[in-house]
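Summary of the model geometry
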Amino acid sequence: MATSIRLRRLAAIAVASGGAYATVLRDPIVSSNDRGGTPALETFRRKIADPLAIVPSRAVQESALMGTSPANPLDILVVGGGATGSGVALDAATRGLRVGLVEREDFSSGTSSRSTKLVHGGVRYLEKAVFNLDYGQLKLVFHALEERKQVIDNAPHLCHALPCMTPCFDWFEVIYYWAGLKMYDLVAGRHLLHLSRYYSAQESAELFPTLARKGKDKTLKGTVVYYDGQMNDSRLNVAVACSAALAGATVLNHAEVVSFISDETSGRIIGARIRNNISGKEFETYAKVIVNAAGPFCDSVRKMADKDAKSMICPSSGVHVVLPDYYSPEGMGLIVPKTKDGRVVFMLPWLGRTVAGTTDSNTSITMLPEPHEDEIQFILDAISDYLNIKVRRVDVLSAWSGIRPLAMDPKAKSTESISRDHVVTEDYPGLVTITGGKWTTYRSMAEDAVNAAIKSGNLEPANKCLTYNIQLMGADGWDPASFTVLAQQYVRMKKTHSGRVVPGVMDTSVAKHLSHAYGTLAERVAVIAQNENLGKRLAHGYPFLEAEVAYCARHEYCESAVDFIARRCRLAFLDTDAASRALPRVIEILAAEHKWDKSRQKQELEKAKEFLETFKSSKNAQFHDGKHS
């Protein structure tokens, strides 16, 4: 019986593969974007790619928001500075609209910095599309695969193709996964990254030395390797926000909407009262349309307009753990397609360490979600079944939780409409909400939200959407070999504990890190390291430099210690204890840049330590008799 079901499924895959191929030939996806080399496109490309361009200061941005009035409003005010909100700001600005963005914490401080770090087309959704004969799901995969390629092309320094290995412990699995992943290649069409292929058990062991050759009563028959994209998520988000600022958007982090302003006659929302969370000062900003892109918090924003608004977010917890690099080889990920309870678990190399996850369970919405020990143990148990080394809780360098804002259309009659796709709705005049979706499709989500805002406010953009062809800050002219220029032409001047300045080599690991984190702007950081004696590493074993703190404070709106350790560099996510040790020096440099007094420095240290307590490294776990609880 089971065999016949399997054979029928294989037949379904084969038929769907043929159908997908026909679809590729017959009905290629064509976006509504303006993808030609128009004058407007070239203008914005030059603005963002200008090597001398500097984002407007925080004071200038705040002043611009305060300078609006009912008679002189913005076209669009975006609430939320995650991937989608920053994408909306970039899209609207490059259409020639007057746009502002406010974020109560920092760009990417929520879900957008806590992802699996994959830019993916949704291989799991493809399987559902085949077995449920759901053409809608298939179209989602088509779309995500197109966007996947574009995200990588528009920020090649922050994104790259990553091979992912799927272990097979019987020959049916080999055929099943090979056929399914070949279909994934086929659906990608011209947006394909690299072809998937089968490797024998021996070849797989050479590519992935820690992969187990024997499972429970089973022997590894081989693996199927396919390609998806990988990213540095929060740095990508910051690049989108700063690119929007260079394109003319007014972006302000650490600025919170506390209430909306409505027109007394029509009741339409025409602005917002905003609090600067650093100074405590409040001011009013006016706009023809508000776009709510607050992710998991979009319902609380909607309820500012209508306290009886029906909730549209079904929050889901996604937990990840970071392990030492020896758990996985550099340049090869592992995907376990079905764990004991049917979930999918990844184990991926990321920034010199290994990230494993994820869970998918109901959760409550909170500013600082924390992973539960049972979720951490679930991930460790799931990967241990596929590795030939002992998986230990004491090896966990960092563990974090993110909240997925699974969306439900508030106008729907049942919860069956809960979707991994995004939802755009205007259930209150003047307030357009965009939520749901995933990182991979942030650009097209932003496009849909701006289209809805244009319709809502009868706005008059100067041109169509241009973001399909606009590379982000640091991308234009970047090459994978760019790091060699840094290694050859710069030195790292370091201050010793005694105060003496000594030269250091701009070694390969540091040069590669700077090149990938900042793209063509990496030389700006190298100049600071060389000329301002800030060439010392912030933490032993990691390539992050003191110069980066100064650079991010000056050019990337880095306003707090947490902004830096969590989102401008990724130390909190990679190694919580190393981040804690780096904090005093990070705060010392930020204090010099932002003119902080001793009281503010003490406050920053306390806030950062509180933040790091939510990242459950092995030191934050409770152990009894060698076991954690």
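In what follows, the accompanying structure is described. (Residues numbered from 1 in each chain as written. Predicted model: local features only at pLDDT ≥ 70, side-chain atom pairs only at ≥ 80, totals over all residues. Heavy atoms only, no water.)

**Some details on the side chain of Glu147**
Within the fold, Glu147 resides in helix 6 (residues 135–154). At 2.8 Å, the side chain of Glu147 forms a polar contact with the side chain of Arg443. Non-local contacts of Glu147, meaning those with residues more than four positions away in its chain, are made with Thr440, Thr441, Arg443, Ser444 and Tyr468. (Helix = DSSP H or I, 4+ residues; strand = E, 2+ residues; numbered from the N terminus. Polar contact = N/O pair within 3.5 Å; in protein donor to acceptor, adjacent residues only side chain to side chain. Contact = heavy atoms within 4.5 Å.)

**Description of the packing of helix 16 (residues 546–555) against helix 19 (residues 576–594)**
It is the contact of helix 16 with helix 19, at a shortest axis distance of 9 Å, that shows an interaxial angle of 35°. Pair helix 16 / helix 19 crosses with right-handed handedness. In contact with Glu546, Val549, Ala550, Ala553 and Arg554 of helix 16, helix 19 contributes Arg585, Val586, Ile589, Leu590, Glu593 and His594. Partitioning the contact of helix 16 with helix 19 into residue classes produces six nonpolar, one polar and four charged. (Axes fitted to C-alpha atoms, helices over the stretch in contact; angles between N-to-C directions. Left-handed = near helix turned anticlockwise from the far one by under 90°. Nonpolar A, V, L, I, M, F, W, Y, C, P; charged D, E, K, R; others polar.)

**Considering the nonpolar core**
Ile76, Leu236, Leu514, Tyr518, Phe564, Leu571 and Val586 are the most contacted members of the largest nonpolar core, which has 140 residues in total. Beyond its immediate stretch of four places on either side in the chain, Leu571 contacts Ala539, Tyr542, Phe544, Ile565, Thr576, Ala578, Ala579 and Ala582. Met165, Val321, Val336 and Val396 belong to the second largest nonpolar core, which has 29 residues in total. (Core = buried A, V, L, I, M, F, W, Y, C linked by side-chain atoms within 4.5 Å. Buried < 20%, exposed > 50% of the residue type's maximum accessible area, 1.4 Å probe, protein only.)

**Regarding helix 2 (residues 39–49)**
Turning to helix 2, its buried residues number three or more, namely Leu41, Phe44 and Ile48. All buried residues of helix 2 fall inside an arc of 70° around its axis, so they share one side. Looking at helix 2, the residues exposed on the side facing more than 90 degrees away from the buried face are Pro39 and Arg46. Of the surrounding secondary structure, the elements contacted by the buried residues of helix 2 are helix 4 (83–94) and helix 9 (233–246). (Arc of directions from axis to C-beta.)

**A few points about the environment of Ser200**
Relative to the assigned elements, Ser200 resides in strand 5 (residues 197–200). On the accessibility criterion, Ser200 (25% relative accessible area) is partly exposed. In this structure, the C-alpha to C-alpha distance between Ser200 and Gly222, residues 22 residues apart in sequence, is 4.3 Å.

**Digging into the packing of aromatic side chains**
Evaluation of the coordinates by the stated rule reveals twelve aromatic pairs. Between the aromatic rings of Trp400 and Phe573, the centroid separation amounts to 4.9 Å while the plane-to-plane angle is 75°, which identifies the pairing as edge-to-face. Of this pair, Trp400 sits in strand 18 (residues 398–407) while Phe573 sits in helix 18 (residues 571–574); the two residues are 173 residues apart in sequence, bridging distant segments of the chain. Overall, the relative accessible area of 0% leaves Trp400 in the buried class. Given a relative accessible area of 1%, Phe573 falls into the buried group. One cation-aromatic arrangement involves Arg104 over Phe297; the distance from NZ or CZ to the ring centre is 4.5 Å. Directly above the aromatic system of Phe573 lies the positively charged group of Lys117, at a separation of 5.0 Å from the ring centroid. (Phe/Tyr/Trp six-rings, centres within 6.5 Å; stacked < 30°, edge-to-face > 60°. Lys NZ or Arg CZ within 6 Å of the ring centre and 35° of its normal.)

**Quick look at the pairing of strand 1 (residues 74–79)**
Of all six residues in strand 1, six are buried, a share of seventy percent or more. Sheet topology places strand 1 next to strand 2 (residues 99–103); four bridges connect them, and they run parallel. When the sheet's bridge partners are listed, Val78 is paired in strand 2 with Leu101. Tracing the backbone out of strand 1, into helix 4 and back to the parallel element strand 2 gives a crossover that is right-handed. (Pairing = 2+ DSSP bridges. Right-handed = clockwise from strand over helix to strand, strands pointing away.)

**Remarks on helix 7 (residues 171–188)**
Over its 18 residues, helix 7 runs 26 Å from end to end, which matches the ideal 26 Å to within 8%, given 1.5 Å per residue. Within the sequence span of helix 7, burial applies to Val174, Tyr176, Tyr177, Ala179, Gly180, Leu181, Met183, Tyr184, Asp185, Val187 and Ala188. Capping the start of helix 7, Asp170 holds a side-chain oxygen 3.0 Å from the backbone nitrogen of Phe172, two or three residues further along. Backbone geometry just downstream of helix 7 places Gly189 in the positive-phi region, at approximately 55°. (Expected span 1.5 Å × (residues − 1).)

**Side note on the pattern of salt bridges**
One pass over the full model with this rule turns up 33 salt bridges. The partner of Glu147 in a salt bridge is Arg443, with the nearest N and O atoms 2.8 Å apart. Placement of the pair is Glu147 in helix 6 and Arg443 in helix 12 (residues 442–457), with a sequence separation of 296 residues. Each member of the pair, Glu147 together with Arg443, is buried. Here the salt bridges do not stand alone but share partners, grouping Arg104, Glu256, Arg273, Arg275, Glu282 and Glu284 into one network. (Salt bridge = Lys/Arg side-chain N within 4 Å of Asp/Glu carboxyl O.)

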